[in-house]
Amino acid sequence: MEKRNAGLPAALVKRVTEWSKREGTFLEHDSIRVLVEDECGIVPELSAPSGNGWINAHWQAWFRSNSGRKFSPKDHSSVWGDRITYNLSGNFPCFPGFGIAQIVDGVSIPAHGWTANSKWFFKSSGVERESGAAWVVSVMKSPEKTMPLSFKKTDLVIPGHPVHYAGVTVKNSGAKDISINAGFHNTVGAPFLQAGCVYSGAAERWATSPKGIGFESSARLKLETEFKSLKRAPLKDRGTADISVVSPPIGYTDFVMGAIPASCGLGWSALVNPAIKYAYICFFPGQGAASDGDIVLRFNALWMQYGGRPPAPWAAFDGGTDLTYCLGTENVISAIGGGLETSRRIGEALGAPTTVTIPAKGEKTLWYGTLFAPYSGCALDGGIKSITPGKDRILAEGAVSAKGKNTVSFKADASFEALKRNH
């Protein structure tokens, strides 16, 4: 069923069935197109206008199953391993775990949590009269009674804003507080992703992957090492590399995480493509401006999948060529890829907490925006120094001095008012 608000600039929301037989919801207006699938909450499309058509920022995993068959551990685990890899694409929400699969309180938490490995159930959709915003609400419950969590997600677009807004409320119906991980696993790919794109984040303190989470054989970076700047990340074989600039496929896969300062009012990460002049920006409430009911993401995470995984399904056969080229611009509260059990055990990383507590009989909500839009001039070509909220917009300051204007303004609601009204 298709819904629009005829009295305001066009906003559309409709239920769709893809040719792969996946069901989902399509949201659209003149500045953005978003496809949100029920399966794993995956967002395979976040598109911005380009010429006479659209350009999609999100990664399309070449090994993603489009057979129309649902994931079966018996039939598919030997190749894909788990349900999220079988369906992998674009962006998806990660609750109550982020990182590797682990056993927590006797409960099996899959990689990146239930919300990334289970089906979300469509509840309602509509178009708000006040703003013309189109929205869809979906829900999910924990499959384990001993961890009695439920999840409510609202996806929303606002006419004129090149942003996919998402709110996720986590409710704890149990008698004990529950500490969890939370985040969004934004992943970009071609044609937006190219060598020479520039990544920036709000974090000021970084660390490479720990041992034991799957990067030992694929990494070019020195594991378990802290560093201050993405421009000087430590290599295994001495020296440093500027990992803020995206590499071509080079046969390595790495992961780093950076702590966002507690004073930060708006958390953010960004990737710009200076060749085609498009920016991909994630933003969310920072600790410095959060309310008691907010889930605050304390880390930028960067997954550099540049061809370092020869096992299937990344390669066509074990020991083959890794054909997978993408970049994860993720934002989370978690240990450095270590999963929920590790996050609870260590308590903090890089001076920031690695879990958020959902109180007994209470709830907390994550508010999150993903912007994808063209920009003009050369202010952002060298990356982004800072992102600050303005009235009905966010302001991105270029990291490198440019001739003329050094700040680019994008229409956006950093207060998430319309999202909160419809959540």
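Just above, that's the structure.
Here goes a summary of the coordinates provided.

Extensive coverage of strand S4 (residues 32-37) is indicated by the burial of 5 of its 6 residues. As paired strands, strand S3 (residues 23-29) and S4 are joined by 6 bridges and run antiparallel to one another. Paired with Leu27 across the bridge in S4 is Val34. Here S3 hands over to S4 after 2 residues, the two strands then running antiparallel side by side. Relative to strand S5 (residues 45-50), S4 is paired through 3 bridges, and the arrangement is antiparallel.

Our focus in this paragraph is the sheet that holds strand S31 (residues 384-390). Pairing is antiparallel in the open sheet, where 3 strands are placed in the order S31-S32-S33. Edge positions in the sheet fall to S31 and strand S33 (407-411), since each of these pairs with one other strand and no more. Pairwise comparison of adjacent strand axes, ignoring direction, gives a mean angle of 20 degrees for this sheet. Where S31 meets strand S32 (residues 393-398), 6 bridges bridge the pair, whose relative direction is antiparallel. Residue pairing across strands places Pro389 opposite Ile394, the latter belonging to S32.

When you line up the elements, Ser334 lands in the loop between strand S26 (325-333) and helix H3 (339-346). Here the alpha-carbon distance between Ser334 and Asn181, two residues 153 residues apart in the chain, equals 5.3 Å. Residues within four places of Ser334 in sequence aside, it is in contact with Phe98, Asn181, Met257, Phe299, Ser343 and Thr354. A polar contact is formed between the side chain of Ser334 and the backbone oxygen of Phe98, at a distance of 3.4 Å.

Time to look at the sheet that holds strand S17 (residues 198-201). An order of S10-S11-S12-S13-S30-S24-S23-S17 is seen for the 8 strands of this open sheet, with the pairing classed as antiparallel. This sheet does not close on itself; its edge strands, each paired only once, are strand S10 (121-127) and S17. Taking the axes of each pair of neighbouring strands and ignoring which way they run, one obtains an average angle of 15 degrees across the sheet. Where strand S13 (residues 163-172) meets strand S30 (residues 363-374), 9 bridges bridge the pair, whose relative direction is antiparallel. The residue bridging Gly167 from the neighbouring strand is Trp367, located in S30.

One can find Asn300 in strand S25 (residues 299-306). Here the side chain of Asn300 touches Ala202 through a polar contact of 2.9 Å, landing on its backbone nitrogen.

Quick look at the packing of aromatic side chains now. Applying the stated criterion across every chain yields a total of 19 aromatic pairs. Here the aromatic rings of Trp59 and Phe63 are separated by 6.2 Å at their centres, their planes lie at 75 degrees, and the arrangement is edge-to-face. By the ring-pair criterion, three or more aromatic residues cluster together here, those being Trp59, Trp62, Phe63, Trp303 and Trp314. Sitting over the ring of Trp120, Lys153 keeps its end group 5.1 Å from the ring centre. Lying over the aromatic face of Trp314, Arg309 brings its terminal NZ or CZ to 4.6 Å of the ring centre.

Going through the model one piece at a time under the given rule, you end up with 0 disulfides. Looking at the unpaired Cys40, the closest cysteine sulfur is the one in Cys94, lying at 11 Å. Take Cys282: it sits in no disulfide, and the sulfur closest to it among the cysteines is that of Cys94, at 12 Å. Classification of Cys282 by relative accessible area gives buried; the value is 0%.

It is worth spelling out the nonpolar core at this point. With 100 residues, the main nonpolar core has Ile281, Phe283, Phe372, Ile394 and Phe410 as its most contacted residues. For this core, the element with the highest residue contribution is strand S24 (residues 278-285), accounting for 7 residues. Among all residues touching Ile281, those that are not within four sequence positions of it are Ser269, Ala270, Gly369, Thr370, Leu371, Ile384, Ile387, Ile394 and Phe410. Ala207, Phe215, Ala259 and Ile336 belong to the second-largest nonpolar core, a separate cluster that totals 27 residues.

What counts, and at which threshold
- Residues numbered from 1 in each chain as written.
- Predicted model: local features only at pLDDT ≥ 70, side-chain atom pairs only at ≥ 80, totals over all residues.
- Heavy atoms only, no water.
- Buried < 20%, exposed > 50% of the residue type's maximum accessible area, 1.4 Å probe, protein only.
- Helix = DSSP H or I, 4+ residues; strand = E, 2+ residues; numbered from the N terminus.
- Pairing = 2+ DSSP bridges.
- Axes fitted to C-alpha atoms, helices over the stretch in contact; angles between N-to-C directions.
- Contact = heavy atoms within 4.5 Å.
- Polar contact = N/O pair within 3.5 Å; in protein donor to acceptor, adjacent residues only side chain to side chain.
- Phe/Tyr/Trp six-rings, centres within 6.5 Å; stacked < 30°, edge-to-face > 60°.
- Lys NZ or Arg CZ within 6 Å of the ring centre and 35° of its normal.
- Disulfide = S-S within 2.5 Å.
- Core = buried A, V, L, I, M, F, W, Y, C linked by side-chain atoms within 4.5 Å.

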